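Below, each chain spelled out in residue letters.
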Amino acid sequence: MRYKLHFLVLFAPLSFKAVANDDIYSLNLEQLSEISVSSSTSLTTTTKRLQPAKTTSIDFQLLNSVGAANQIDLLNMLVPELQVVSNKGLGHNPAFRGLAPSGPNAHQYLINGRSMNMNFFLGSWVEAYNLMGDINSVEVIHGPGSVIHGPGALSGVVSVQTHDVMSFQGLELTAKHMFENKSDIAEIKFGHKTDENAGFFIYAGFEDQEGADRHDSPVRYSNSFTAINGYEIVAGQDANINLSNYQESPDNDYKVFVDYTNNNFNAWFRYSHESERLYIDRTKLSLIQPDNVVLLDDIGAEFLINNSNSYIYRNYSFEINNTWQFNNGLSLLALIGGDKIDSDFDFPRPNGGVRVINHYEDEINAKLLLNWPLNDNHILAVGLEASDHNYEFNVNGLAASTEPWSVFSYAGLFEHQWHISNKWTSFLGGRLDKGRYSENLFSPRLAVVYAANNADTWKFIANRAVRFPPELVARLDALKGSNTTKEEVLDSLEISFDSVLNQNLSYNLSAYYQELDAIDSLGGLQANVGKFDTYGFTLSTTYEQDNLTFLFSHSIVELIDAEDKPGIDPSNFSAAGQGYGNDLNAWANHNTKMNVIYSLSETFAINSSLNILWDYPGSQDLGEYNSFVRDTRANPASIVIDSGYTEAFEHNIEWSIGAAYQWNKATALRFDAYNIVSLFDDEHNRYQDRNYGTYRVKPFSVLLSLTYKI
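Rules and cut-offs
- Residues numbered from 1 in each chain as written.
- Predicted model: local features only at pLDDT ≥ 70, side-chain atom pairs only at ≥ 80, totals over all residues.
- Heavy atoms only, no water.
- Helix = DSSP H or I, 4+ residues; strand = E, 2+ residues; numbered from the N terminus.
- Buried < 20%, exposed > 50% of the residue type's maximum accessible area, 1.4 Å probe, protein only.
- Contact = heavy atoms within 4.5 Å.
- Areas by Shrake-Rupley, 256 points an atom, 1.4 Å probe, with all protein chains shown as cover.
- Phe/Tyr/Trp six-rings, centres within 6.5 Å; stacked < 30°, edge-to-face > 60°.
- Lys NZ or Arg CZ within 6 Å of the ring centre and 35° of its normal.
- Polar contact = N/O pair within 3.5 Å; in protein donor to acceptor, adjacent residues only side chain to side chain.
- pLDDT = per-residue confidence, 0-100.
- Pairing = 2+ DSSP bridges.
- Axes fitted to C-alpha atoms, helices over the stretch in contact; angles between N-to-C directions.

Helix and strand counts for the protein come out as 9 helices and 36 strands. Buried positions account for 59% of the 710 residues belonging to the protein. A fraction of 67% describes how many contacts in the protein between residues 6 or more apart in sequence connect residues 24 or more apart. Of the accessible surface of the protein, which amounts to about 27100 Å², a share of 55% is contributed by carbon and sulfur atoms.

Here it is as structure tokens:
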């Protein structure tokens, strides 16, 4: 087995249909650019070079070479314009192009083209993200994607392709153990062909994650206060209370995936179970309210601290699809699929009880997509989608619970691809969506691609993306007889330039401008909060020669203008809407990423990943505004940082190293060390909370992996 990495241009999809997997890695960059692909960027088939969107692709070889601990770390290592945001109630979520406050609601997370998003309230949720053995490749769309994938694909799309029998045959067993951030993982996958283009793929994974304790992964709050057990918490210092472990799972996590493929027919079933305990919010620990002067007794305080916010997420999903090929290149895709999502969020109360929020939703959906090559220069795709959702929401002891309700939605979509000349190609598309409580939402896109020569490609993209308000918000509005929460809209203009300098070196330059009419959290739900205009630049390069691969990117995002709606003071996006500062909250304006993979021999390879987030001025502005500028007399709890506190707003550095050794034909070993910076500077290796200044130190951890394949 060779560890030489044939990673393509960083912005190319990996859904190759015309070339066998073993042959792909023998092609140079110019040959790869001419392969016809079906990807998540368009309805019509085109070459990867002409795709009407900017993408980042992670193939199976790269996925295994960088040694990421989980899906979120994988994206954080390799995807420009993406940062990971920690939210005390929602865990850790990827965010794109500055839209951190929208968090999981601003992008779509797909498995084999099927959305895994929760429409109810929470949006995207990366399920069982430490269990990755079923993943074959990942494609990320930068920027709006709702023209293809529907409402919710505002700032990006993460599209995961799982293995099937065409990409994996045999039996493989994997065992992993992580030290410090304690975790044990066992995975098994099996692929068997019943015919040349038919067969089964089966995967099962299990994880028991204890996590890292408060000594290896301390929580540091951004202001000083007296805790409910009488302990004094000092801003920027380790909280001297027995908080839950970092990334601790209150329940075991597991995932099962079964796929059957037979030529153009495919059917799969998936079950995923994910849980995590999150460190407790400072507002529940603090005696900050003037009328709350009684300390909890030891039992009550210990219960509240040790049983911090946690969630358990269960998702059943399936899909059956078939593509019929007709004369003259005409094809018809038909699919039917379904999901059942059940989640519990546990919030401890100071009286020793636990508030349990249970959410349930199920969906049955169908889709028809006709792809019609009209002639050599024109390709037309038209489609219809329909889905039926059922929702249920219960909160123990509260009137917020509602009767179950259903939502029927439908959509029409089209795309026209026009080869204007040998150098010019256009893509004109649109999608119209209608839900029970929504207006008609239209997502148009016009992309023009100019292939200047064999090496250089320009893309000019105008795009609009939309998002329905969360179904819970829309339902509560309807019960009140109002329609106060409108859709979220993102308009974007983008220029992207790709150049292949030679067979070893390629780069991408891109710039975009976007206007967001935003929805964000407000009073425990979500509402329209204001308008925010931003721009960004990104440089990305890929260098590959012999046994060395080097990936580099630097991205910049800046806020141009912010306007809060009346009654919003301020939004979570920025304090600039109130005239204080001019930066985005929870976002590093500058972000540099570097990855190196080097093969020392045919059996031994090493790698390193570095991610530098330069600083968070918008978070500091918002913390200062809430604490010292806004009138806090009515709500002392809004004082979120101490005067002069800056620690959580400084640079953040994430560095990992790894090594892989192919012991024999069947057995592979892997070593990875994560969060190395925490060994000597733990202030600058942290999970950044979007809520102004509280953070948790990322623990230095070591992962050992053993894989045996028959």
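The structure having been displayed, the exposition proceeds.
Scanning all chains against the criterion turns up 18 aromatic pairs. On the numbers, 6.2 Å between centres and 40° between planes, the contact of Phe408 with Tyr410 is tilted. Judged by relative accessible area, Phe408 falls into the partly exposed class, the value being 47%. Feature note: the residues Phe168, Phe201, Phe257 and Trp268 constitute an aromatic cluster, connected by ring pairs. Above the ring of Tyr512, the side-chain terminus of Arg97 is found at 4.0 Å from the ring centroid. Positioned above the aromatic ring of Tyr316, the side-chain terminus of Lys340 is 4.8 Å from the ring centre.

Time to look at the side chain of His142. By the secondary structure assignment, His142 is in strand E8 (residues 135-142). Classification of His142 as buried rests on a relative accessible area of 2%. A distance of 2.7 Å separates the side chain of His142 from the side chain of Thr56, its partner in a polar contact. Within the local environment of His142, its side chain forms a polar contact with the side chain of Glu81, the two groups lying 3.0 Å apart.

Position of Thr56 relative to the elements: it lies in strand E3 (residues 54-58). Given the relative accessible area of 0%, Thr56 is considered buried.

It is worth spelling out the confidence of the model for the protein at this point. When pLDDT is averaged along the protein, the result is 85, and 83% of the positions lie at 70 or above. Note on residues 1-26: pLDDT is under 50 here. Beyond four places in sequence and across chains, it has 93 contacts. Considering only residues more than four positions removed or in separate chains, one finds that residues 288-301, a stretch of pLDDT under 50, has 21 contacts.

Sheet architecture is open: 5 strands sit in the order E3-E8-E9-E6-E7, paired in mixed fashion. Since the sheet does not close on itself, it has two edges, and those belong to E3 and strand E7 (114-115), each with one partner. Relative to strand E9 (residues 156-162), E8 is paired through 7 bridges, and the arrangement is antiparallel. Bridge pairing links Glu139 to Ser159 in E9. On top of the sheet, helix H4 (residues 71-78) reaches E3, strand E6 (107-111), E8 and E9; it is set at about 50° to E8, its chief contact.

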